[in-house]
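Here are the chains, one letter per residue:
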Amino acid sequence: MRCGPRLPVVLAGAAWALAVFVFLKNAWVADDAWIVFRSLEQVFAGNGPVWNPHERVQAFTSPLWFGLLLVPRIVSADVYLNVIVVSFGLWLLTVRNLQRLAPSREAFVLGVLLCVASTAIFDYTTSGLENVLAYALISWFLLLLARLAREDLRPDAAVRAVFGLCLAFGLILVTRHDLVLLILPPAAFVLAGRRHLLSVRKRISLGLTALTPLGVWTLFSLFYYGFPLPNTAYAKLNTGIDATVLVAQGFRYLEAALRRDPMTLAVIAAGLALSQMSPRGSVWRFLGLGMVLNLGYVVWIGGDFMLGRFLSYSALAGVGLCVLRLPVVLPRCLARLRPGASPRTVADATALASAAALTFAVLYPHTPVNCWRPRVEHTQALFRVNRERDFYAELNLLNRYLRPAADGVRPNHPFARSGLDFRDSPDLARPFGPIGMSGYMAGTEKAIVDWNALADPLLARLPADRDNWFIGHFRRDLPAGYLDRVEAAVADFLANTDVTTERLDALSRSHPIEPPELNELHERLALVTQSSDLWSTERLETILRFNLGTYEHLSR
């Protein structure tokens, strides 16, 4: 019996409904998102986009995500709900891009089902992290690649698509710098293949379009913070941990995903296979190369403590390849097995793949589809890798509004309570780790000394404790006298709006840090991050010396 012509339309509508339903059911906010929220609050407190009130440190990873979240914060102080709403809009945009990318409604349904079956992809459609912004931009990037891959594209339309591709490229870089490995190979291939359409003037315009977002932010970051990269990069890539140990942990990260979230690695593997089954000289082969480079980087840095977070970008690229290439590859495979196979047979094969994805999503334990209200007992750390959505069950949207807040405290979590305790204490500085909810609830006038160094410029330049770390949490020992120095600096900042070099020198003498080399290192850092005179020649020279490695010997 043949299906009616309306069935694909109904299935596409059902796919949209499923995408919306699973999003709302799984919406949550991670502890790390509250690091971004605290920096937002510092802006509205008049301290700028910083972590602690007295020093300019970029504790958030994604500049574009931070800027995007500033907009709803202007009208609403409910940062939790703000980030859910923004993430929802970006997820809808991602689904719409997948729909425009798909050559048929059946392929679109397959794409949605692969997404909702992947824990790595769907857990970070919310979470308060920048993943969902990257999803929207990567799916747009794939859509433009598909347009440029068409042989019948008119030259004027091709030029517009190339400019759009360069803009998407630039925005992705300012979302996460490390995503350059994923998108550079296909972007470079497309630009090389279309160079005959571009005059020298247009090539210059394309270069400016691609590099201006990151270039502008890097110049601002270098001037304002003193460094081109977020402090999180220096904290996680400057640990002193042996590279072979980190690579071994990176492979364990893949193993954890294979055992807890096999659909994600299956989608990545399918995408890589389909990319290599594309014709020679196809852009999709270069997208596959980008996926390999991205995965290699994830292994090299040791992965992450959040299950699948850094795999989600390649997984989404894999979904895009499945949506695009399966309808092309399947007829070839079927033609070899069954000469004269009809298009209906191809649609049936796509439907079978969709049914397999849906069956997995329904029957496999704790997928985005079948996990309703997460509980801590669902998470069992494997190689210190957790499914964070279960670990922070109190931060799930359903739990937040269906469970009453204990004593009126939201978020209802021990980390939040420790932050409130600090806020109400006479202390001005206190060490913490993790720092998300604790830092946010402590308010904007207290200093959180992050012993994992994500938000601390001095500790980020010291080696980690090799006996007391796990991936993403590279603990540093606090130097003698450092906490007293921070508390004195906060007190001085709150009492004086003008932080001069003389004041910083006085603090260094009255509250020294041991050993003397670290005291000198902190003096240089304080001049960069705490001085009120951003334009002083001494400060600008010190920034240059830091970025040339002049002071590296002090951290040893």
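Residues numbered from 1 in each chain as written. Predicted model: local features only at pLDDT ≥ 70, side-chain atom pairs only at ≥ 80, totals over all residues. Heavy atoms only, no water.

(A) Spotlight on the overall build of the protein. In terms of helices and strands, the protein carries 24 helices and 4 strands. The C-alpha radius of gyration of the protein comes to 25 Å, within 12% of the 24 Å expected for a compact globule of 556 residues. With the principal axes as the frame, the protein shows a C-alpha extent of 85 × 60 × 45 Å. Here the protein holds 556 residues, and 55% of them are scored as buried. Sequence-distant contacts in the protein: of pairs separated by 6 or more residues, those separated by 24 or more amount to 71%. (Helix = DSSP H or I, 4+ residues; strand = E, 2+ residues; numbered from the N terminus. Rg over C-alpha atoms; globule rule 2.2 N^0.38 Å. Buried < 20%, exposed > 50% of the residue type's maximum accessible area, 1.4 Å probe, protein only. Contact = heavy atoms within 4.5 Å.)

(B) Quick look at the packing of aromatic side chains. In this structure the tally under the stated criterion is 25 aromatic pairs. Three or more aromatic residues joined by ring pairs make a cluster, and in this case those are Phe60, Phe66, Trp217, Phe220, Tyr224 and Tyr225. Looking at Arg461, its charged tip hangs above the ring of Phe227, at a distance of 4.1 Å from the centre. Across from the ring centre of Tyr234, 4.8 Å away, lies the NZ or CZ of Arg461, which sits over that ring. (Phe/Tyr/Trp six-rings, centres within 6.5 Å; stacked < 30°, edge-to-face > 60°. Lys NZ or Arg CZ within 6 Å of the ring centre and 35° of its normal.)

(C) Molecular detail of the pairing of strand S1 (residues 429-432). By the bridge criterion, 4 bridges tie S1 to strand S2 (residues 447-450) in an arrangement that is parallel. In the strand pairing of S2, Ala429 is matched with Ala447. The parallel pair S1 and S2 is bridged by helix H20 (residues 436-441), and the resulting crossover is right-handed. (Pairing = 2+ DSSP bridges. Right-handed = clockwise from strand over helix to strand, strands pointing away.)

(D) Examining the packing of helix H3 (residues 63-75) against helix H7 (residues 131-148) more closely. Look at H3 against H7: their axes get within 10 Å of each other, and the N-to-C directions meet at 105°. One element, H3, and the other, H7, form an angle in the roughly perpendicular class. Residue-level contacts link Leu64, Trp65 and Leu68 of H3 to Val132, Leu133 and Leu137 of H7. (Axes fitted to C-alpha atoms, helices over the stretch in contact; angles between N-to-C directions. Parallel < 35°, antiparallel > 145°, perpendicular 65-115°, else oblique.)

(E) View of the environment of Asp498. Checked against the element boundaries, Asp498 lands in the loop between helix H21 (482-495) and helix H22 (501-510). In sequence terms Asp498 and Ser532 are 34 residues apart; their C-alpha atoms lie 5.8 Å from each other. When near neighbours in sequence (up to four residues on either side) are disregarded, Asp498 contacts Arg503 and Ser532.

(F) Fine view of the pattern of salt bridges. With the rule as written, the count across this model stands at 14 salt bridges. Where Asp421 meets Arg430, a salt bridge forms, and the shortest distance between an N and an O atom there is 3.2 Å. The residue Arg430 makes a salt bridge to Asp427 at a minimum N-O spacing of 3.0 Å. The partly exposed category is assigned to Asp427, whose relative accessible area is 30%. Through salt bridges with shared partners, a single network forms among Glu130, Arg176, Asp178 and Arg309. (Salt bridge = Lys/Arg side-chain N within 4 Å of Asp/Glu carboxyl O.)

(G) Local environment of H3. Along H3, the positions that sit buried rather than exposed are Pro63, Trp65, Phe66, Leu69, Pro72 and Arg73. In this fold, the buried residues of H3 make contact with helix H2 (33-44), helix H4 (79-101), H7, helix H8 (155-175) and helix H10 (200-224).

(H) Geometry of the side chain of Glu55. Summarising the element assignment, Glu55 is placed in the loop between H2 and H3. Not counting residues up to four positions away in its chain, the partners in contact with Glu55 are Val50, Pro457, Thr529 and Gln530.

(I) Molecular detail of the side chain of Thr94. By the secondary structure assignment, Thr94 is in helix H4. For Thr94, a relative accessible area of 0% translates into the label buried. Excluding residues that lie within four positions of it along the chain, Thr94 makes contacts with Val132, Tyr135, Ala136 and Ser139.

(J) Local environment of empty space enclosed by the protein. Going through the model one piece at a time under the given rule, you end up with 4 cavities of 30 Å³ or more. In this structure, the largest cavity occupies an estimated 80 Å³ of space. Looking at the largest cavity, it is lined by 13 residues, and the ones nearest its centre are Val57, Gln58, Tyr225, Phe227 and Asn231. In terms of residue class, the lining of the largest cavity is made up of 7 nonpolar, 4 polar and 2 charged. (1 Å grid on protein atoms, 1.4 Å probe; cavity = no way out; pocket = protein on both sides within 12 Å on 5 of 7 lines; lining within 4 Å. Points joined across faces, edges and corners; volume = space filled by probe spheres on them. Nonpolar A, V, L, I, M, F, W, Y, C, P; charged D, E, K, R; others polar.)

(K) Structural detail: the packing of helix H1 (residues 7-26) against H4. Interhelical geometry of H1 versus H4 gives an angle of 155° and a closest axis separation of 11 Å. Judged by the angle between their axes, H1 and H4 are roughly antiparallel. At the point where H1 passes H4, the crossing takes the right-handed sense. Only Ile84, Ser87, Phe88, Trp91, Leu92, Val95, Arg96 and Gln99 of H4 make contact with H1, whose side of the interface consists of Trp16, Ala19, Val20 and Phe23. Across the contact of H1 with H4, the residue classes tally to 9 nonpolar, 2 polar and 1 charged. (Left-handed = near helix turned anticlockwise from the far one by under 90°.)

(L) Representation of H1 within the structure. Here H1 is 20 residues long and its end C-alpha atoms lie 28 Å apart, about the 28 Å a rise of 1.5 Å per residue gives. Among the residues of H1, Pro8, Ala12, Ala15, Ala19, Val22, Phe23, Lys25 and Asn26 are the ones counted as buried. One side of H1 carries all its buried residues, which in axial view fall inside an arc of 165°. In the core, the buried residues of H1 are packed alongside H4, helix H5 (105-117), helix H6 (119-123), helix H17 (388-391) and helix H18 (397-402). (Expected span 1.5 Å × (residues − 1). Arc of directions from axis to C-beta.)

(M) Spatial organisation of unusual backbone geometry. The omega torsion across Gly433 and Pro434 is -5°, close enough to zero to call that bond cis. Its location among the elements puts Pro434 in the loop between S1 and H20. The step from Glu514 to Pro515 runs through a cis peptide bond, and the omega angle for that step is 0°. Here Pro515 is to be found in the loop between H22 and helix H23 (516-529). Even without being a glycine, His366 presents a positive backbone phi close to 60°. Examined against the element boundaries, His366 turns out to sit in the loop between helix H16 (343-363) and H17. Residue classification places His366 among the partly exposed positions, given a relative accessible area of 32%. Residues other than glycine seldom take positive phi values, yet Arg384 does so here, at roughly 65°.

Limitation: the analysis is restricted to geometry and does not speak to function.
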